[in-house]
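# Inside the fold
One letter stands for each residue in the lines below.
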Amino acid sequence: MIAPNRRYHITTFGCQMNKADSERMAGILEDMGFEWSEDPNEASLLLYNTCTIRDNAEQKVYSYLGRQAKRKQEQADLTIVVAGCVAQQEGETLLRRVPEIDLVMGPQHANRLEELLEQVFDGNQVVATEPIQIVEDITKPRRDSTVTAWVNVIYGCNERCTYCVVPNVRGVEQSRTPEAIKAEMVELGKQGYKEITLLGQNIDAYGRDLPGTTPEGRHLHTLTDLLYYVHDVPGVDRLRFATSHPRYFTERLIRACAELPKVCEHFHIPFQSGDNEVLKRMSRGYTHEKYRRIIDKIRQLMPDASISADAIVGFPGETEAQFENTLKLVADIGFDHLNTAAYSPRPGTPAALWDAQLSEEVKSDRLQRLNHLVATTAQARSQRYLGRVEEVLVEDQNPKNPQQVMGRTRGNRLTFFDGDIIQLKGQLVTVKITEVRAFSLTGEPIEARQLVVG
Ligand code: SAH
Ligand code: SF4
Ligand code: F3S
């Protein structure tokens, strides 16, 4: 039976991949006649799109679920869906733990939401976690922004980093065809989207699973080729891509980014550790020297590029000296932004079973020391913006000050300035930067223009 009020609410945890999946699932629900409810308590269908990258991410999901499961005892027509990475990891176990759940569905099944819900409305409790060939996007996502959009390029991950659950929950790499990607981008351009971020767990591994090689023996389809192929999409002024793996970040890719005017000078390339022995035990497949060479090459061709990354502290067996090599790398490179995390042992990953686990005290001490260094270097990196003129793509009103709008520079720095959102939304505005903080800027608008690139 279909719930009479047909209102839905989606709560999304985790990375951009999950956010993009949620937008597609919201699109499917709206096609089915469901309407968005801001208040989860007024919705008849609740969908949790979950993350299991670290233990605290998983625990958050259980605390939300517990509350809504209680509500279901009073409201029998409430439908509860658990999607995403916890769903994939736990499968049927989730139903035993929270029997009020109606549907458990892994990330590869996101585009099948309608048919899975039909089974639920026929009275079944459904678990969809078997590996499948991802159904090509037949849905129209309900996107959160009208200015910037995500486009999936490659799903899954073929690496086996010893700490990470992602390959277990997202499956093997599946690249979309260049034609399908471009068609989605052309549509976005027509709808007025100005900035597109191409998404993949390891986006620079794009195309390895597609057929064909060049006469030189290279894969026919790579991220570099894709950037050239989609660069002329009308209406789209800016292109970004994330997340990059150092193993696949080629010089050819760096040259393409420098050459193509729409590709923004911001690169998110996680290094995880600055110590070669730790990198080896993580199975990352590169050394810190190789990582530094990539950044040097980027800065040689794009001197002002911003660089961000992810790092893990307290990996099993990490010594104080090895941790200091991470500090050293961070100090040497000078990141614009760094996502840091204490190592969290994850079920089904090799490192979780190793003896040399570090205490919570050591991990949190290292995390604090690293975070302190990151804040100092980001503050120093911000200084270079002071007095400069930057191009800002206006996305929204400043939630803390309605007289101001906010957007991002090409280097991805959040920037605020005085202006009317009705007039400026989706515009590229040149802004003189008058104030800098570690992770954001304030400025004065010079001129708004409809930039036409290449
Ligand atoms: N594919 C990307 C990262 C995806 S996961 C890459 O390889 O770089 C996002 C981030 O979560 C990782 O970069 C890592 O820093 C962090 N992470 C993954 N597993 C973790 C774990 N077990 N404990 C702590 N952090 C973890
Ligand atoms: Fe996880 Fe490594 Fe794959 Fe990144 S590359 S998603 S860290 S297994
Ligand atoms: Fe989390 Fe899954 Fe992304 S585990 S980080 S939501 S791939």
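The structure presented is a predicted model; accordingly, all values stated were derived computationally and were not measured.

## Notes on the site of ligand 2
Around ligand 2 sit C157, E159, C161, Y163, C164, V166, P167, Q201, N202, H245 and R284, and that is every residue in its neighbourhood. Here the shell around ligand 2 is built from residues that sort into 6 nonpolar, 3 polar and 2 charged.

## As for the sheet that holds strand β1 (residues 7-12)
As summarised here, the arrangement of the 6 strands in space is β2-β1-β3-β4-β5-β6, forming an open sheet in which the pairing is parallel. Only two strands of the sheet have a single partner each, and these edge strands are β2 (35-36) and β6 (126-128). One ladder, built from 3 bridges, connects strand β5 (residues 103-105) with β6; its direction is parallel. Opposite V104, over in β6, you have V127 as the bridge partner. Packed onto the sheet, helix α1 (residues 16-31) meets β1, β2, β3 (45-50), β4 (79-83) and β5 and runs at close to 175 degrees relative to β1.

## Brief notes about the sheet that holds strand β7 (residues 148-155)
The 4 strands are arranged β8-β7-β9-β10 in an open sheet whose pairing can be described as mixed. Only two strands of the sheet have a single partner each, and these edge strands are β8 (174-175) and β10 (238-242). Pairing analysis gives 6 bridges linking β7 to strand β9 (residues 195-200), with the strands arranged parallel. Looking at β9, one finds that I154 is bridged to G200.

## Notes on the UniProt feature "binding site: [4Fe-4S] cluster 2" (unreviewed entry) in the protein chain
Those places that UniProt annotates as "binding site: [4Fe-4S] cluster 2" (unreviewed entry) correspond, in this numbering, to C157, C161 and C164. For C157, a relative accessible area of 9% gives the class buried. With respect to the helices, strands and loops of the structure, C161 is situated in the loop between β7 and α6 (166-170). Once residues within four sequence positions are removed from consideration, C161 is found in contact with M282, S283 and R284.

## Focus: the side chain of R366
Relative to the elements of secondary structure, R366 occurs in helix α13 (residues 360-383). Other than its neighbours up to four places away in sequence, R366 contacts V313, E318, T319, E320, F323 and L358.

Rules used in this analysis
Residues numbered from 1 in each chain as written. Chains lettered and ligands numbered in written order. Predicted model: local features only at pLDDT ≥ 70, side-chain atom pairs only at ≥ 80, totals over all residues. Heavy atoms only, no water. Near = heavy atom within 4 Å. Nonpolar A, V, L, I, M, F, W, Y, C, P; charged D, E, K, R; others polar. Pairing = 2+ DSSP bridges. Helix = DSSP H or I, 4+ residues; strand = E, 2+ residues; numbered from the N terminus. Contact = heavy atoms within 4.5 Å. Axes fitted to C-alpha atoms, helices over the stretch in contact; angles between N-to-C directions. UniProt positions renumbered as here; feature names shortened; annotations may be inferred. Buried < 20%, exposed > 50% of the residue type's maximum accessible area, 1.4 Å probe, protein only.

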